Amino acid sequence: MVRGLDPARNPADRPHRPARPRRHRRRRRRPECFYPDLRRIEIDARYIADDPTITDPRKAGHKKIVPTGYGLLVHGAAHAAHSQWENPPGTAPILAEVAAMLEESRAEGRQRGRRRTDRRWLRHMINAVVHPGTASADDPWHAGVLAALLLARVDARILTSQDVRTVRAAVTAVLGRPRLRRLREVWKQAHTVDDTDAATMIDLADRWCRILGIDPNQQQHPPDADPGQFPGRLDQALTDFLAASHGLTHADYQAQLTRHRHSPPGNWPHTDPTTDQQAAARLLAERIHRARTHNPEPGTRPSPLPPGRLRTRHAIAAEAQIAAGQVPTAQPWQHRTQTPPPKPTLHLAVLVDLSGSMYPYAEELSSAAWIFAHAARRRHAVTTTIGFGDHTTLLVPPNTRPGQVLHMQAGGGTSTFGEAVKLADKLLDLRHGRALRLLAVVSDGLLDDIPSGQNLITTLHWAGCAVLWLHPAGLQSHTFRHTTTITVADPVDAVARIADAAVAALEHA
């Protein structure tokens, strides 16, 4: 039976079988689940066409319409047929998780051995069970997760070496070749284990942990990624893999993922820009233009006519062109002139605290987001505005000119500050590049996780990204190190300070 997942199902109905790997620390619906007692496989309805009631996996034509959904069904069937072992009582959670990760490729390899044509469908469902966030830190544990979920599937003959080329390179960079070779020996041995041999699977899981430098007796639970660290090579490689599996470029896949995760709520109101907002955008654009052409410096410029310094070689070339009956393109003279110095492109990210205490600032900064976006597009700058609270919201993406002003709605906590900083870094490359980078945060600084927020800010600071923190007056606040902290009197003052900081950064670049 194939059904949509029922989130309200009693957890007691869950099968007692090897736990699936927790590929993400946030609560997340599984795309597929097998219930051995009920002899039923459930598939998330999102992967089964528009109308799940018409699903019939016996029809070959329908398989081609929903290849991911059918791949999940085959994946569940592989576990139903071959995952016949259970974790022994008292098994440490970290060993259960590693054993479950090894079981993924083992069961699929056995399924392929019985039904060779199922490989096609198993390849289609990889992007549903491995998702962004699986490797959010460049450490041995998360490198091992990618190795178990992707590289092991190559030896199970589900994926090819070309499919995981970038993932293998990133995993090798984190673990080193000798350690990855030892992990491969473990998963290849797991592929030979009998369907009912739980003891061997747990022994292999223990061996896996010790190769990664983890003692399961001392560390009972899988390690979490440090929220104060930015994603690194593993996350980049995984994103490349998932983009290729969706048939998209890295940029297109990242844009699609950002829209899915961080789009504004549908109930936030939109209004047409006022004449004052349009005038403010034009004024800011002119200020940015003047900042980019500030303090002209002596320079040289070629010219076809005197006065200036004669460049002999170019003069000869001009004479030759005239003699040949051509329009002369050579410019024999060189003038001294005043030229504006080259300026880098400004990358400005504005983060707005949408917790309840910041309610008075949401309206004015919504207007500012529209103004910054229109001013930036006119004068060689890139800007984005992101709200953080209980959810991270991308109000204005980079390189866009919104037709209307979207009004942010405040209320909630500040739990997603770290996610907002990482999103800004991903959109504007705040830690790298030769662009002029500025992160402006409007918040009282009373975050749910202050140490992690400080680590992210420090990383940006040492990477050359300036951080401007604006504290509202009259509110209790926390001051972060490695920031330029200013107390603002009101929302209008906050917007003016951000604009002034952007212009000053260009003038002194």
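Calculation rules
Residues numbered from 1 in each chain as written. Predicted model: local features only at pLDDT ≥ 70, side-chain atom pairs only at ≥ 80, totals over all residues. Heavy atoms only, no water. Core = buried A, V, L, I, M, F, W, Y, C linked by side-chain atoms within 4.5 Å. Buried < 20%, exposed > 50% of the residue type's maximum accessible area, 1.4 Å probe, protein only. Helix = DSSP H or I, 4+ residues; strand = E, 2+ residues; numbered from the N terminus. Contact = heavy atoms within 4.5 Å. Phe/Tyr/Trp six-rings, centres within 6.5 Å; stacked < 30°, edge-to-face > 60°. Lys NZ or Arg CZ within 6 Å of the ring centre and 35° of its normal. Pairing = 2+ DSSP bridges. Axes fitted to C-alpha atoms, helices over the stretch in contact; angles between N-to-C directions. Parallel < 35°, antiparallel > 145°, perpendicular 65-115°, else oblique. Nonpolar A, V, L, I, M, F, W, Y, C, P; charged D, E, K, R; others polar. Salt bridge = Lys/Arg side-chain N within 4 Å of Asp/Glu carboxyl O. Patch = residues over 30% accessible without salt bridge, like charges linked within 9 Å, V, L, I, M, F, W, Y side chains within 5 Å. Areas by Shrake-Rupley, 256 points an atom, 1.4 Å probe, with all protein chains shown as cover. Lys, Arg positive; Asp, Glu negative; His and termini not counted. Charge placed at Lys NZ, Arg CZ, Asp CG, Glu CD. pLDDT = per-residue confidence, 0-100. Expected span 1.5 Å × (residues − 1). Arc of directions from axis to C-beta.

**Notes on the nonpolar core**
And step 1. Judged by nonpolar contacts, the single largest core of 67 residues is most densely connected at Leu102, Leu150, Val167, Val171, Trp187, Trp208 and Phe241.
And step 2. Broken down by element, this core gets its largest block of residues, eleven residues, from helix H6 (residues 140-155).
And step 3. Once residues lying within four places of it in the same chain are set aside, the contact partners of Val167 are Leu146, Leu150, Leu151, Ala237, Leu238 and Phe241.
And step 4. Counting 43 residues, the second-largest nonpolar core is a separate cluster that includes Tyr361, Ala369, Ala440 and Leu468.

**Some points on the packing of aromatic side chains**
And step 1. For the structure on display, the rule yields five aromatic pairs.
And step 2. Between Phe417 and Trp469, the aromatic rings sit 5.7 Å apart at their centres with planes inclined by 50°, giving tilted as the arrangement. Linking Phe417 in helix H15 (residues 417-428) with Trp469 in strand S12 (residues 466-472), this pair joins segments that are 52 residues apart in sequence. Here Phe417 matches Trp469 in class, with each residue buried.
And step 3. Taking the ring centre of Tyr35 as reference, the NZ or CZ of Arg40 above it sits at 5.9 Å.

**So, the sheet that holds strand S7 (residues 346-353)**
And step 1. What the six strands build is an open sheet, ordered S9-S8-S7-S11-S12-S13; its pairing is mixed. One side of each edge strand has no neighbouring strand; the edge strands of this open sheet are strand S9 (392-396) and strand S13 (484-488). For this sheet the average axis-to-axis angle between neighbouring strands, irrespective of direction, equals 20°.
And step 2. Where S12 lies against S13, five bridges are found, and the strand directions are parallel. Along S13, the bridge assignment pairs His471 with Thr487.

**A closer look at the packing of helix H3 (residues 93-114) against helix H9 (residues 198-211)**
And step 1. Close contact between H3 and H9 brings their axes to 8 Å; oriented N to C, the two are set at 110°. In this view, H3 runs roughly perpendicular relative to H9, as classed from their interaxial angle. Together, Ile94, Leu95, Val98, Ala99, Leu102, Glu103 and Arg106 of H3 and Met201, Ile202, Leu204, Ala205, Asp206, Trp208 and Cys209 of H9 make up the contact between the two elements.
And step 2. Residues of the contact of H3 with H9, tallied by class, amount to eleven nonpolar, no polar and three charged.

**What to know about the pattern of salt bridges**
Pairing is possible between side chains that carry opposite charge, provided their charged atoms lie close to one another.
And step 1. Scanning all chains against the criterion turns up 17 salt bridges.
And step 2. A salt bridge links Glu108 to Arg153, with the nearest nitrogen and oxygen atoms 2.7 Å apart. Note that Glu108 is positioned in helix H3 and Arg153 in helix H6, a separation of 45 residues in sequence.
And step 3. For Arg153, a relative accessible area of 0% gives the class buried.
And step 4. A salt bridge links Arg287 to Asp500; the shortest N-O distance between them is 2.9 Å.

**Considerations on unusual backbone geometry**
And step 1. At Arg39, a residue that is not glycine, the phi angle is positive and equals roughly 55°.
And step 2. You can see Arg39 is positioned in the loop between strand S1 (32-35) and strand S2 (40-43).
And step 3. One non-glycine residue with positive phi stands out, namely Arg157, at about 65°.
And step 4. Summarising the element assignment, Arg157 is placed in the loop between H6 and helix H7 (165-175).

**Looking at the pairing of S2**
And step 1. Judged by which residues are buried, S2 turns out to be covered on both faces: Arg40 and Glu42 on one side and Ile41 and Ile43 on the other are all buried.
And step 2. Looking at chain direction, S1 and S2 are connected through four bridges and run antiparallel. In the sheet register, Tyr35 faces S2, and the bridge partner there is Arg40.
And step 3. Hairpin remark: S1 followed by S2, antiparallel, with four residues in the connecting loop; positive phi at Arg39, about 55°.

**Overview of the environment of Asp493**
And step 1. By secondary structure assignment, the location of Asp493 is in helix H17 (residues 491-507).
And step 2. When the C-alpha positions of Asp493 and Glu364 are compared, they lie 9.9 Å apart, and in sequence the two are 129 residues distant.
And step 3. Residue contacts for Asp493: discarding those within four places in its chain leaves Thr487 and Val488.

**Here we look at the pairing of S7**
And step 1. Within S7, eight of the eight residues are buried, which leaves the element mostly enclosed by the surrounding structure.
And step 2. Across the two faces of S7 the burial is the same, with Leu346, Leu348, Val350 and Val352 and His347, Ala349, Leu351 and Asp353 all buried.
And step 3. Here S7 runs beside strand S8 (residues 381-388); their pairing, made up of eight bridges, is parallel. When the sheet's bridge partners are listed, Val350 is paired in S8 with Thr385.
And step 4. Looking at chain direction, S7 and strand S11 (residues 436-442) are connected through seven bridges and run parallel. If you follow Leu346 over to S11, its bridge partner there is Leu436.

**Remarks on a negative patch on the surface**
And step 1. A surface patch of negative charge is lined by Asp226, Asp390, Asp448 and Asp449.
And step 2. Take Asp448: it is sitting in the loop between S11 and helix H16 (450-462).

**Examining the side chain of Gln454**
And step 1. Looking at the element boundaries, Gln454 is found in helix H16.
And step 2. Apart from residues no more than four positions distant in its own chain, Gln454 is found in contact with Phe480, Arg481 and His482.

**As for the confidence of the model for the protein chain**
And step 1. Put simply, the protein chain has an average pLDDT of 87, and 89% of its residues get 70 or more.
And step 2. This stretch, residues 1-27, has a pLDDT under 50; its non-local contacts, to residues over four places away or in other chains, come to 73 contacts.

**As for helix H12 (residues 275-292)**
And step 1. End to end, H12 covers 26 Å across 18 residues, agreeing with the expected 26 Å (1.5 Å per residue, within 8%).
And step 2. Among the residues of H12, Gln277, Ala281, Leu284, Ala285, Ile288, Ala291 and Arg292 are the ones counted as buried. Take H12 and look down its axis: the buried residues cluster within an arc of 125°, on one side only. Opposite the buried face of H12, by more than 90 degrees, sit the exposed residues Thr275, Asp276 and Leu283.

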